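Here is how the chains run, residue by residue.
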Amino acid sequence: MSIALETLQVNVGLRCNMSCAHCHQASGPSRTEAMSDDVLDAVIAFAARARPSLVDVTGGAPELHPGIAISSRGLSSMASPFACEPI
Ligand code: SF4
């Protein structure tokens, strides 16, 4: 039996240029936690196998992750629609 994966949500880090009081992850400019390149590569490989209907990349502000441009190209080829957004 196989189960289709509808949404793959990827939190790539906690850095954000905002520091909203309501942020449930306490993201902000001083946060340095970021998904490693090895894990990003593993996520892309998983997405290639699972073929989710939607890949939702979030953080923090995912656009501040240094490897997200390359990773987003890889992930966006795995699903349509593809979303990249702050939480
Ligand atoms: S991730 Fe969203 S809610 Fe959290 S600090 Fe950044 S903008 Fe605000």
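Residues numbered from 1 in each chain as written. Predicted model: local features only at pLDDT ≥ 70, side-chain atom pairs only at ≥ 80, totals over all residues. Heavy atoms only, no water.

A. Expanded view of the overall build of the chain. Across its full length, the chain holds 2 helices and 3 strands. Starting at the N terminus and ending at the C terminus, the chain contains elements arranged as β-α-β-α-β. Taken across its 87 residues, the chain has 37% of its residues classed as buried. Summarising the internal contacts of the chain: among those between residues at least 6 apart in sequence, 73% fall at separations of at least 24. Carbon and sulfur atoms make up 57% of the accessible area of the chain, which totals about 5,400 Å². (Helix = DSSP H or I, 4+ residues; strand = E, 2+ residues; numbered from the N terminus. Buried < 20%, exposed > 50% of the residue type's maximum accessible area, 1.4 Å probe, protein only. Contact = heavy atoms within 4.5 Å. Areas by Shrake-Rupley, 256 points an atom, 1.4 Å probe, with all protein chains shown as cover.)

B. The arrangement of the environment of Ser36 in detail. In this fold, Ser36 is placed in the loop between β1 (7-11) and α1 (37-50). Note on Ser36: relative accessible area 35%, which makes it partly exposed. With 31 residues separating them along the chain, Ser36 and Gly67 place their C-alpha atoms 8.7 Å apart.

C. Representation of α1 in the model. Relative to the 20 Å expected for 14 residues at 1.5 Å per residue, α1 spans 20 Å between its end C-alpha atoms, a close match to the ideal helical length. Along α1, the residues that are buried comprise Leu40, Val43, Ile44 and Ala47. What you see down the axis of α1 is that its buried residues fit within an arc of 100°, all on one side. In α1, the exposed residues that point more than 90 degrees away from the buried face are Asp38 and Arg49. Arg51 occupies a position one or two residues after α1 and carries a positive phi of about 50°. (Expected span 1.5 Å × (residues − 1). Arc of directions from axis to C-beta.)

D. Summary view of the nonpolar core. Counting residues in hydrophobic clusters, the biggest one holds 12 residues: Leu8, Val10, Val12, Met35, Leu40, Val43, Ile44, Ala47, Val55, Val57, Ile68 and Leu75. For this core, the secondary structure elements donating two or more residues are β1, α1, β2 (54-58) and α2 (68-76). (Core = buried A, V, L, I, M, F, W, Y, C linked by side-chain atoms within 4.5 Å.)

None of this, on its own, says anything about what the molecule does.
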